[in-house]
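# Analysis of the macromolecular model
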Amino acid sequence: RRGGHGKICGAIASGGGAEQYHANKKYEEAVAEAVEECADDTEGQTCYICMDGDAEEGLVRMCACRGAAGFAHVSCLAKQ
């Protein structure tokens with residue numbers, strides 16, 4: 001039996017251990033915050049990497065440049 005933390009122990013164990021679990025959680029929080037902050041700027045734009053603008057994951061602006069070339073999904077950036 002794993003500690004008395006309910007379902008969290010199973011999630012941590014299946015997520016690669018405590019360090020990886022917490023890193024993934026922080027990553028998801030950071031992505032959500034970045035997408036929310038960029039929502040107005042990225043509306044109607046397309047990811048310059050995968051060329052998909054309809055994905056569920058929101059876009060972020062990579063720089064302060066003007067124009068449509070600076071938008072991407074965080075997951076696409078992470079793969080680069």
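In this report, we go over the structure that sits alongside the text. Predicted model only: the values in this text are computed from it and were never measured.

Here we come to the pattern of salt bridges. Under the criterion given, the structure shown has two salt bridges. Lys 26 serves as the salt-bridge partner of Glu 29, at 3.9 Å between the closest nitrogen and oxygen. With Glu 29 and Lys 26 both in helix H2 (residues 18-42) and three residues apart, the pair spans about one turn of that helix. Here Lys 26 falls in the exposed class, since its relative accessible area comes to 56%.

A few words on the state of the cysteines. A disulfide bridge is the covalent bond that connects two cysteines by way of their sulfur atoms. What the rule picks out here adds up to zero disulfides. Cysteine Cys 76 remains unbridged, with the sulfur of Cys 47 as its closest cysteine sulfur at 3.8 Å.

All right, on to H2 then. Taking 1.5 Å as the rise per residue, H2 with 25 residues should run 36 Å; its terminal C-alpha atoms sit 34 Å apart, in good agreement. The largest bend in H2 is about 35°, located at Glu 36. Backbone geometry just downstream of H2 places Gly 44 in the positive-phi region, at approximately 80°.

Cut-offs and rules
Residues numbered from 1 in each chain as written. Predicted model: local features only at pLDDT ≥ 70, side-chain atom pairs only at ≥ 80, totals over all residues. Heavy atoms only, no water. Salt bridge = Lys/Arg side-chain N within 4 Å of Asp/Glu carboxyl O. Helix = DSSP H or I, 4+ residues; strand = E, 2+ residues; numbered from the N terminus. Buried < 20%, exposed > 50% of the residue type's maximum accessible area, 1.4 Å probe, protein only. Disulfide = S-S within 2.5 Å. Expected span 1.5 Å × (residues − 1). Bend = angle between axes of the 7 residues up to and from the residue.

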